[in-house]
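# Working through the structure, step by step
If you want the building blocks of each chain, they are given just below.
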Amino acid sequence: MKRCALAAVFAALWPCAAFAADSIVIGGKIFTESYVLGEIGAQTIEASSSVPVTRKLGMGSTGILFEALKSGAIDVYPDYTGTLAEAILKRPDLKSLDEIRRALADMGLTISGSLGFNDTYALAVKEEFAEQHGLRSIGDLIPIEADIRAAFSYEFMDRKDGYAGLVGNYHLSFNPQKVSRMEHSLSFQAIDQNAVDLIDVYSTDAKIKKLNLRSLKDNHNYFPVYQAVWVARQAFVEAHPREWQSLLGLEGKISEETMLDMNAQADIQKIAFDKIAARFLGSATPESKGWLHEVARRTKEHLWLVGVSLLFSVLVGIPLGVTAVRFKAAGQAILLSSAVVQTVPSLALLCFLIPVFGVGTKPALAALCLYSLLPVVLNTFTGIRAVNPIHLENARAFGLNRRQVLFKVVLPLASPTLLAGIKTATIVSIGTATLAALVGAGGYGAPIVSGLALNDVHTILTGAIPAALMALVAHGLFELLGLVMIPAGLRRRP
């Protein structure tokens, strides 16, 4: 797909976002096991090659990762055969690795052999709940299905080999009012607190043992095999055969017990992913740079995202607001377009932008800039329209031309409303920018996403607290800016 003009603008704004041609980019999904496998892959390549490795872990769902892989934004990531067959290729009939590999070849992609374990879906309940109702298999749910409170992950609810196929295969009739969609890691917290009775799990989830859950037997063999594999671009394999071979060296090396233990180290013992990977590979444990270094790095990334969107909102939003006042027909189109963009869910907008910009900073900047337009455009429009026409007539009577009237009279009089719009756009951008981590753009969203995957409040707060502080600082700066930019007479208005 050809990049549009807007893509070229962001390429110019962020020249560092494009990775070096010889850099290898490893992606990963937003759950513990994918973080661990991604880090193992990254360290394996680094141990066998001098080619720099960029980690884009915790990037979100299968759809985001796969679009990133096809676009060339990442080179390789860990996935599962069942996911590839069901969710990507839409070919549940494909069972073997060779069949899946041949189907992916048409997309310019390939896969490794199995890493050694099968991480399929399962349904789980608390042991005491299972004993109380005599639950051993999924079919045993039928007598109590109407009363069960269930929480299933978004991906499980949307996939053909997930919820819809499950209830059809087992002839289950859950009460729709008692079935909730929930982020995967949070469902464990929900069942631990007895807020729900039934959740979907991965068979290597460490929290199954920690929370004393019982996995119900799939006696219909409904869930397909989910062998863990590396999924890579064929162009990467051809350009970096040595590095690809190092990843292939992991085939058959990770058993279900080993993977379960590594997941437990992350989920239960709260050991860092890079240390878990180093232990598995038998390499030196990386030195920790400390939380202060991490916060400083994420602050720099977050400031860049918010700063560029703020600059865009001022340079583009204010002229659009002025245009909307001057030309009525065009003005309605501008206001309507800005409002429509604002109604698109932020995560959906990021997904829409991936085919154009790839992953990383560019789609995040594009989304933030688009979201920042409405407050600035609308407040500029409202502020100018509120200016008393008598002031304009007086200005023209003194011989001011149209440009002078705009900059010396109209904008100063509209400045309180205009500045409020820019302030709103900035604070909204600070919050929305946390979602940028889902497309690999970093910022404060990275520790928040990682903390959600681990259900680790401390890690979540590492991103949430600085984001809140940044919003407070922005609020204070705009209050000071108002003292400088807003005429004194307008500041004294009640």
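Given the structure is predicted, the values throughout are model-derived calculations rather than measurements. (Residues numbered from 1 in each chain as written. Predicted model: local features only at pLDDT ≥ 70, side-chain atom pairs only at ≥ 80, totals over all residues. Heavy atoms only, no water.)

## Quick look at the overall build of the protein
Spelled out, the test is: Helix and strand assignments come from DSSP, with helices taken as H or I runs of at least 4 residues and strands as E runs of at least 2, each series counted from the N terminus. Only protein chains enter the calculation, and the probe is 1.4 Å; a residue is then buried if its accessible area is under 20% of its type maximum, exposed if over 50%, and partly exposed in between. For this analysis, residues touch if any pair of their heavy atoms sits within 4.5 Å. All accessibility values rest on the Shrake-Rupley procedure with a 1.4 Å probe; residue burial counts only the protein chains present in the view. His is not counted, nor are the chain ends, whereas Lys and Arg count as positive and Asp and Glu as negative. In this description, the location of a charge corresponds to atom NZ of lysine, CZ of arginine, CG of aspartate or CD of glutamate.
If you tally the helices and strands in the protein, you get 23 helices and 10 strands. Each of the 494 residues in the protein was classed as buried or not, and the buried ones make up 53%. When contacts within the protein are restricted to residue pairs at least 6 apart in sequence, long-range pairs at least 24 apart make up 77% of them. On the protein, roughly 22,800 Å² of surface is accessible, and the fraction owed to carbon and sulfur atoms is 60%. Taken together, the 45 basic and 42 acidic charged side chains of the protein have centroids lying 14 Å from each other.

## Structural notes on the pattern of salt bridges
For the record, the criterion: Definition used for salt bridges: Asp or Glu carboxyl oxygen within 4 Å of a side-chain nitrogen of Lys or Arg.
Under the defined criterion, the tally for this structure stands at 18 salt bridges. Between Arg-181 and Asp-158 there is a salt bridge whose closest N-O contact spans 2.9 Å. With a gap of 23 residues between them, Arg-181 in strand S7 (residues 179–181) and Asp-158 in helix H7 (residues 154–158) connect regions that are remote in the sequence. A cluster of three or more residues bridged by salt bridges with shared partners is formed by Glu-127, Glu-131, Arg-136 and Arg-214.

## Considering the pairing of strand S10 (residues 228–233)
Where we set the bar: One bridge is not enough; two strands pair if DSSP finds at least two bridges between them.
Among the six residues that make up S10, six are buried, leaving the element largely enclosed by the rest of the structure. Along S10, one buried face is formed by Ala-228, Trp-230 and Ala-232 and the opposite face, lined by Val-229, Val-231 and Arg-233, is buried too. With five bridges connecting them, strand S3 (residues 76–80) and S10 associate as antiparallel partners. Bridge assignment links Tyr-80 to a residue of S10, and that residue is Ala-228.

## So, helix H4 (residues 81–88)
Within H4, eight of the eight residues are buried, which leaves the element mostly enclosed by the surrounding structure. Every buried residue belonging to H4 is among Thr-81, Gly-82, Thr-83, Leu-84, Ala-85, Glu-86, Ala-87 and Ile-88, and all of these are buried. Elements that come into contact with the buried residues of H4 comprise helix H3 (62–71), S3, helix H5 (97–105), strand S4 (109–111) and S10. Backbone geometry just after H4 places Lys-90 at a positive phi near 55 degrees.

## Overview of the packing of aromatic side chains
Filter applied, for reference: Geometry of aromatic contacts follows a simple scheme: Phe, Tyr and Trp rings, the Trp one being its six-membered ring, pair when their centres are within 6.5 Å, and the pair is stacked under 30 degrees between planes, edge-to-face over 60, tilted otherwise.
Under the definition given, this model contains 14 aromatic pairs. Plain terms: the ring middles of Tyr-35 and Phe-273 are 4.7 Å apart, the flat faces sit at 5 degrees to each other, and that makes the pair stacked. In this pair, Tyr-35 is assigned in helix H2 (residues 32–48) and Phe-273 in helix H14 (residues 273–281), connecting sequence segments 238 residues apart. Exposure class is identical for Tyr-35 and Phe-273. Each is buried. Seen from their ring centres, Tyr-163 and Phe-174 are 6.3 Å apart, and the 25 degrees between their planes marks the pair as stacked. Within this pair, whereas Tyr-163 is found in helix H8 (residues 163–170), its partner Phe-174 is found in the loop between H8 and S7, the two being separated by 11 residues in sequence. Across this residue pair, the class does not change: Tyr-163 and Phe-174 are buried. Feature note: the residues Phe-31, Tyr-80, Tyr-121, Phe-152, Phe-156, Tyr-163, Phe-174, Tyr-202, Tyr-222, Phe-223 and Tyr-226 constitute an aromatic cluster, connected by ring pairs.

Taken by themselves, the reported measurements are silent on function.
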